[in-house]
Amino acid sequence: MHVGCEFVQRSEQPVHMVLQVEPRTDGAVRLIDERWDDQTATTSRTYVDGFGNRCRRLTLPAGRSVTRFDAHADVPYEADEVGIGAVEIPPDLLPDTVLSYTLPSRFCPSDELGAVAWDLFGSVPEGWIRAQAISDWVHEKVAFDYSTTVSTGSALDVFTTRTGVCRDFAHLGIALCRALSIPARYAFGYLPDIEVEPTDAPVDFCAWTEVYLSGRWWTLDPRNGQPRIGRVLIGRGRDALDVAMVSTFGAVELESMLVWADPVVG
């Protein structure tokens, strides 16, 4: 996979920022090479946050800046695994590190969607069938629309408006799962169009959900509604707040953003 991104930004004064666009290397994806533009490479430093995500700190100079990341990664040619038969684990038996993913968070107010979740999915068999039913419902009921999403919108807003982008689909799926005590977390990364119909929409980062069943995490994709090949994970967290692509400590104008995720043949 050839993955990467480019941000063109402008600021009136130097602004410190944190970027999360580098693939995680603690899973099945093997990073072959990676490089930043010369300015970022010489003025930034990396760290790993509390969720295990690779983060990069730098200070943008005043004026116009171009920040570019480019990488090649070896990715298994396998679709997301389907967890038929995977079971829910009672809260009292969940690992300590997983329990927090059953609780409400900034963009996933599961406590406010509890009655809705039980009404819609309370009678659905527990385990994978229920988690998949939630993902399918979000995929079918929410319309993808760039023009309606706002950065401060929560899962409750998505449920009300029934529109959003992939992060909104993920947030609603997570909140509904957590309302039923199914641990769920937010994930995002690069996703190519492999064995699916390509679209005319520009390539963007993709967000999805992960649910904890039978003692492990499974991938579900409310936005795309089907298992996909070639995911390159960047970050995981309670919701998008934990894995913002760009966090700035001051005013910055984003002039443009490009993302690429292309399979490499040979």
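Residues numbered from 1 in each chain as written. Predicted model: local features only at pLDDT ≥ 70, side-chain atom pairs only at ≥ 80, totals over all residues. Heavy atoms only, no water.

Draft legend 1. Local environment of the packing of helix H4 (residues 128–141) against helix H6 (residues 166–179). Two elements in contact, H4 and H6, have axes whose closest approach is 9 Å; the angle formed by their N-to-C orientations is 145°. Read as a crossing pair, H4 and H6 show a hand that is right-handed. Residues Ile 134, Trp 137, Val 138 and His 139 of H4 touch H6, and the partners they reach there are Phe 169, Leu 172, Gly 173, Leu 176 and Cys 177. (Axes fitted to C-alpha atoms, helices over the stretch in contact; angles between N-to-C directions. Helix = DSSP H or I, 4+ residues; strand = E, 2+ residues; numbered from the N terminus. Left-handed = near helix turned anticlockwise from the far one by under 90°. Contact = heavy atoms within 4.5 Å.)

Draft legend 2. Highlighting the layout of surface pockets. Roughly 1,300 Å³ of internal volume is contained in the largest pocket. Tyr 146, Cys 166, Asp 204, Phe 205 and Cys 206 are, among the 45 residues lining the largest pocket, the residues nearest its centre. The leading source of residues in the lining of the largest pocket is strand E14 (residues 253–262), at 5 residues. A class-by-class count of the residues in the lining of the largest pocket yields 29 nonpolar, 8 polar and 8 charged. The computed volume of the second largest pocket comes to approximately 660 Å³. Contributing to the lining of the second largest pocket are 24 residues, with Ala 28, Asp 80, Thr 219, Arg 231 and Arg 236 lying nearest its centre. For the lining of the second largest pocket, the secondary structure elements donating two or more residues are strand E10 (206–213), strand E11 (216–220) and strand E12 (232–237). Top contributing element to the lining of the second largest pocket by residue count: E11, with 4 residues. (1 Å grid on protein atoms, 1.4 Å probe; cavity = no way out; pocket = protein on both sides within 12 Å on 5 of 7 lines; lining within 4 Å. Points joined across faces, edges and corners; volume = space filled by probe spheres on them. Nonpolar A, V, L, I, M, F, W, Y, C, P; charged D, E, K, R; others polar.)

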